[in-house]
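Residue-level listing of the chains:
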Amino acid sequence: MSPAVSRSVAAPAAPPPIPFIDLQAQRRRIAGEVERAIARVLAHGQFIMGPEIAELEHRLAAYCGVKHAVTCGSGTDALMLLLMANGCGPGDAVFCPSFTFAASAEVVALVGATPVFVDVGRDDFNMAPASLEAAIAGIAGSGLTPRGVMPVDLFGQPARYPEIEAIARRHGLWVLADAAQSFGARLDNRRVGALGDFAATSFFPAKPLGCYGDGGAIFLNDDGLLEVLRSLRVHGQGRDKYENVRIGINGRMDTIQAAVLLEKLRIYDDELAARERVAARYAAALDGLVAVPRLRAGATSIWACYTIEVDDRDGVVERLKARGVPSMIYYPRPLHRQEPYARYPVVPGGLPVTEAVAARVMSLPMHAYLDETTQDRIIEGLRDSLP
Ligand SMILES: Cc1ncc(COP(=O)(O)O)c(C=O)c1O
């Protein structure tokens, strides 16, 4: 009797999990450089305001084409320092979207001013100029003084600055760009940082340019404002450490984070080009199946998120997850629907586009190291998950 031939049937290897953002892939590329940069800080020991801070500020300003960059502890600090430097406080209205991360409106409330929520456009999820006009008109007689506009460059594409700046000029308002999600993007050949009167960005680790902790930066051209910001960043410091000329905060960036960012900035343009390729492949595969993000004429995006609109979002997210494909929802609850912000004014007529997109958006994995095979798995998974 011939022995039974036993054939071992190996179970097919499970495909590797797909990260939503693969920070480790980037780390593998520049680990040596980053570790040497950190080691230099450990050796010189100037952990606060060491030489890497000034070097980074110089490089960031040059990158954006503005006179000054001021690093700080986070994107939230960057926004708040700008509000403080402009003397924004109780009785002042600042117009901002509700469809954004909480920090945008939070800082307005923190300085004692009033966020007034403005609707966004369906095509780019960014502040709608007509809604801004209506919101400014809407607070007439409320006792609030319109002071500034805070457009948010959501998901990586700059807001409609030319239109927003024109409205702001007519009403004597400043424009503070919340560029936390758009550092590196352009609009009509102006770089983010040079859009608006001043801008704030975030280097939170998950941002396209992220450090290894919290960090942020402010961009501006005004020399007088620069001095105020530098003072506010260090407890309202005057000519020396123990002279305090205004109420400030401890808002400095750590030297180690600046050292990390200097290394990451060297490869940033290359990473932005890779993000662009990933976004183009998504668009080619998904346009017509779902609502894919659109760039306005003259705008580029850094694709901080690749955000689509779908029917039956919760079902799609669940089915995708079952296929091993992660996704995120930015942002399921607009701020005006959240308890701490519900008491602040919204534009007359409400926020119908904000409500609609908040119920339909979802973001797909997006980073500079997303290879085509993995992206094809995501695309197939999404196709199979649509209602
Ligand atoms: C639109 C927007 N504004 C502000 C911030 C705040 O930045 P940070 O987390 O660095 O304080 C973020 C961060 O996610 C953001 O996305």
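All residue numbers refer to position in the chain's written sequence, counted from 1. It should be noted that, the model being predicted, local features are given only for residues of pLDDT at least 70 and side-chain atom pairs only at 80 or more, the latter also being counted only at that level, while totals for whole chains, interfaces and linings use all residues. Side-chain numbers come from the whole structure's heavy atoms, not from hydrogens or water.

**Student:** Hey, could you go over the pattern of salt bridges for me, with residue numbers and the actual values?
**Tutor:** Salt bridges, as used here, are contacts in which a Lys or Arg side-chain nitrogen is within 4 Å of a carboxyl oxygen on Asp or Glu. Under the criterion given, the structure shown has 25 salt bridges. A salt bridge links Glu263 to Arg40, with the shortest nitrogen-to-oxygen separation between them at 3.7 Å. Of this pair, Glu263 sits in helix H8 (residues 255–266) while Arg40 sits in helix H1 (residues 23–44); the two residues are 223 residues apart in sequence, bridging distant segments of the chain. Burial status follows relative accessibility: with a 1.4 Å probe on protein chains alone, a residue under 20% of its type maximum counts as buried, one over 50% as exposed, and anything between as partly exposed. Since its relative accessible area comes to 8%, Glu263 is described here as buried. Taking the relative accessible area as the measure of exposure, Arg40 reaches 45% and is therefore partly exposed. Each of Asp123, Asp124, Arg160, Glu163 and Arg296 takes part in a single network of salt bridges with overlapping partners. Per the convention used, a helix needs a DSSP run of H or I reaching at least four residues, while a strand needs a run of E reaching at least two, with both numbered from the N terminus.

**Student:** Provide a residue-level description of the site of the ligand, including the pertinent values.
**Tutor:** One heavy atom suffices: a residue is near a molecule or strand as soon as one of its heavy atoms comes within 4 Å of it. The ligand sits among 16 residues. The nearest are Gly75, Thr76, Asp178, Ser202 and Lys207. Ser202 has a polar side-chain atom sitting 2.7 Å from an oxygen atom of the ligand. As used in this structure description, the phrase polar contact means that two N or O atoms lie within 3.5 Å; if the pair is within protein, one of them must be able to donate a hydrogen and the other to accept it, and residues adjacent in sequence are counted only when both atoms belong to side chains. A distance of 2.6 Å is found between an oxygen atom of the ligand and a side-chain nitrogen or oxygen belonging to Lys207. All accessible areas in this document rest on Shrake-Rupley with a 1.4 Å probe, and a residue is counted as covered only by the protein chains that are shown. Burial of the ligand by the surrounding chains reaches 92%, relative to a free accessible area of 390 Å². Comparing atom positions with the cavity grids shows the ligand to sit within the largest pocket. Elements with a minimum of two residues in the shell around the ligand: helix H3 (75–85) and helix H4 (103–110). No other element matches the three residues that H3 contributes to the shell around the ligand. Classes in brief: Ala, Val, Leu, Ile, Met, Phe, Trp, Tyr, Cys and Pro nonpolar; Asp, Glu, Lys and Arg charged; the others, Gly included, polar. Of the residues in the shell around the ligand, the class split is six nonpolar, eight polar and two charged. Using only the protein atoms, space was sampled on a 1 Å grid; points where a 1.4 Å probe fits but cannot get out form cavities, open sets with protein on both sides within 12 Å along at least five of seven lines form pockets, and lining residues are those with an atom within 4 Å of a point. What decides whether a molecule sits in a cavity or pocket is whether more than half of its atoms lie within 2 Å of the grid points.

**Student:** Could you give me a rundown of the packing of aromatic side chains, with the residues and numbers involved?
**Tutor:** We call Phe, Tyr and Trp rings a pair once their centres come within 6.5 Å, taking the six-membered ring for Trp, and we label the pair stacked below 30 degrees between planes, edge-to-face above 60, and tilted otherwise. By the definition in use, this model includes 16 aromatic pairs. Plain terms: the ring middles of Phe99 and Tyr331 are 6.2 Å apart, the flat faces sit at 85° to each other, and that makes the pair edge-to-face. Taken as a pair, Phe99 in the loop between strand E2 (92–97) and H4 and Tyr331 in the loop between helix H10 (313–322) and helix H11 (352–358) lie far apart in primary sequence, 232 residues in all. Three or more aromatic residues joined by ring pairs form one cluster here, namely Phe20, Phe99, Phe101, Phe125, Phe155, Tyr330 and Tyr331. Criterion for a charge above a ring: Arg CZ or Lys NZ at most 6 Å from the ring centre, at most 35 degrees from the ring normal. In this structure, Arg191 packs its charged tip against the face of Tyr63, placed 4.1 Å from the ring centre.

**Student:** Lay out the environment of Pro293 with the relevant residues and their values.
**Tutor:** The topology assignment puts Pro293 in the loop between helix H9 (268–286) and strand E10 (306–309). Note on Pro293: relative accessible area 19%, which makes it buried. With 12 residues separating them in the primary sequence, Pro293 and Cys305 have C-alpha atoms 9.8 Å apart. Any two residues whose heavy atoms approach within 4.5 Å are treated as being in contact. Every residue in contact with Pro293, bar those within four places of it in the chain, is listed here: Trp303, Tyr306, Thr307 and Ile308.

**Student:** So what about a nonpolar patch on the surface? Which residues, and what values?
**Tutor:** Nonpolar side chains collect at one region of the surface, where Leu42, Phe47, Ile48 and Met49 lie side by side and expose about 370 Å² of accessible area between them. In this structure, Phe47 sits in the loop between H1 and helix H2 (51–64). The exposure class assigned to Phe47 is partly exposed, which follows from its relative accessible area of 41%. Patch definition: residues above 30% relative accessible area lacking any salt bridge, with like charges linked at up to 9 Å and the nonpolar side chains Val, Leu, Ile, Met, Phe, Trp and Tyr linked at up to 5 Å.

**Student:** Which residues make up the pairing of strand E5 (residues 174–178), and what values go with them?
**Tutor:** Taking burial as the measure, the five residues of E5 include five buried ones, the bulk of the element. In this description, strands pair whenever DSSP reports at least two bridges between them. Pairing of strand E4 (residues 145–149) with E5, which is carried by two bridges, proceeds in the parallel orientation. Directly across from Gly148, in E5, lies its bridge partner Trp174.

**Student:** Give a description of the packing of H9 against helix H12 (residues 372–385) that names residues and reports values.
**Tutor:** All axes are obtained by fitting lines to C-alpha atoms, using only the stretch in contact for helices, and the reported angles, taken between N-to-C directions, cover 0 to 180 degrees. One way to put it is that H9 packs onto H12 with a least axis distance of 11 Å and a crossing angle of 35°. Note on packing geometry: the crossing formed by H9 with H12 is right-handed. In this structure, H9 uses Val278, Arg281, Tyr282, Ala285 and Leu286 to contact H12, whose residues at the interface are Glu372, Gln375, Asp376, Ile378, Ile379, Leu382 and Arg383. Here the residues of the contact of H9 with H12 are counted per class, giving seven nonpolar, one polar and four charged. By definition, any crossing whose near helix is turned counterclockwise from its far helix by less than a right angle is left-handed, and any crossing with a clockwise turn is right-handed.

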